[in-house]
Amino acid sequence: METNEVTQDVVVIDIGELLNFFLRRAVYILLSGLVLAVLTYGITTFFITPSYTSVTKMYVLNRQTNESITNSDIQSSTYLTKDYMEMIKSRTVIEAVIAELDLDMTYDQLLSALSVSTTSDTRVVAISVTNSDPYLARDIANAIRRTAAAHIQAVMNTEAVNVVDEANIPSVKSGPKVKRDVMIAGFAGIVLALIVNFVLFLMNDKVTTAEDVERHLGLSVLAQMPLEMDEVKKKKARKKLEKKKKRGSSFK
């Protein structure tokens, strides 16, 4: 039986040579990260409309009797908190708020600006609304809380939906996060430059050293002839002189 031996070229990467390659191009690598970070800063600062988030909180209690609050009331309210969160985002509540405030928004648009959350093992529900107008964000958050409280009491037969915090007028914008975006863009620019330079390093097949001869051609270098700096200067001077002679002869 004949066996066919398949030989494959294995690419060997010299880590030290790769690091030197990156160091020689360190300025360009850092510059690419800086350029991308500056572009991101300009876009997020001058071309993206800032947004503000207003938060209101309410406390929901499911009381089973008219007597004082029991542990059973508190436990059942905890279990029903997720139901309350879904009812806050219901179409009935959202569309009622749109009609009340005469908003130029659809159900999906307002729902995308709404966030409902709760801390673990509590009955406090936080309603967050994000909008480019901080005053409108406050008004929408309060309207959603009021409408949702009435809807929850009617559907879930809940006795108490109390206000923990009124919606605030946000003074600090919640987005875009300029510092975070600039840092991510700068890091991404450096990584991209490293990848490009790594590909260029792999594609570079020039033979410049004795190691390159042995690696690419499989030949051993018997000797190396050092080229003195004086000889290099003389060759450059000769080339310049030859060019001048050629120019002079062309004008004759």
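The following paragraphs examine the structure supplied in this document. Predicted, not measured: the structure shown is a model, and the values here were computed from it. (Residues numbered from 1 in each chain as written. Predicted model: local features only at pLDDT ≥ 70, side-chain atom pairs only at ≥ 80, totals over all residues. Heavy atoms only, no water.)

### Describing the nonpolar core
Then, number 1: One finds Met58, Ile88, Leu110, Ile144 and Ile152 to be the most contacted residues of the largest nonpolar core, which totals 29 residues.
Then, number 2: Breaking this core down by element, the ones donating at least two residues are β1 (52–61), α4 (81–88), α5 (91–101), α6 (107–112), β2 (114–118), β3 (124–131) and α7 (134–156).
Then, number 3: When residues in this core are grouped by element, the largest group, seven residues, is from α7.
Then, number 4: Residues contacting Ile144, with those up to four places away along its chain left out, are Ile88, Val93, Val97, Leu114, Ile127 and Val129.
Then, number 5: By size, the runner-up hydrophobic cluster in this structure holds six residues, among which are Phe21, Phe22, Ile29 and Phe201. (Core = buried A, V, L, I, M, F, W, Y, C linked by side-chain atoms within 4.5 Å. Buried < 20%, exposed > 50% of the residue type's maximum accessible area, 1.4 Å probe, protein only. Helix = DSSP H or I, 4+ residues; strand = E, 2+ residues; numbered from the N terminus. Contact = heavy atoms within 4.5 Å.)

### Section: α7
Then, number 1: The end-to-end C-alpha distance of α7 is 32 Å, a good match for the 33 Å that 23 residues give at a rise of 1.5 Å each.
Then, number 2: Its side-chain oxygen placed 3.1 Å from the backbone nitrogen of Tyr135, Asp133 serves as the N-cap of α7. (Expected span 1.5 Å × (residues − 1). Polar contact = N/O pair within 3.5 Å; in protein donor to acceptor, adjacent residues only side chain to side chain.)

### Thoughts on unusual backbone geometry
Then, number 1: Following Gly175, the chain continues to Pro176 via a peptide bond in cis, the omega torsion being -5°.
Then, number 2: Of note in the backbone geometry, Asp102 takes a positive phi value of approximately 55° without being a glycine.
Then, number 3: With respect to the secondary-structure elements, Asp102 resides in the loop between α5 and α6.

### Some words on the pattern of salt bridges
Then, number 1: For the structure shown, the criterion picks out six salt bridges.
Then, number 2: Here Glu95 ties to Arg91 by a salt bridge, and the two come within 3.1 Å at their closest N and O atoms. Residue Glu95 and its partner Arg91 are located together in helix α5, separated by four residues, close to a single helical turn.
Then, number 3: The residue Arg145 makes a salt bridge to Glu166 at a minimum N-O spacing of 3.5 Å. Here the residue Arg145 occupies a position in helix α7, and Glu166 occupies one in the loop between β4 (160–165) and α8 (178–203), the gap between them amounting to 21 residues.
Then, number 4: In this structure Arg145 comes out as buried when scored by relative accessible area, which is 6%. (Salt bridge = Lys/Arg side-chain N within 4 Å of Asp/Glu carboxyl O.)

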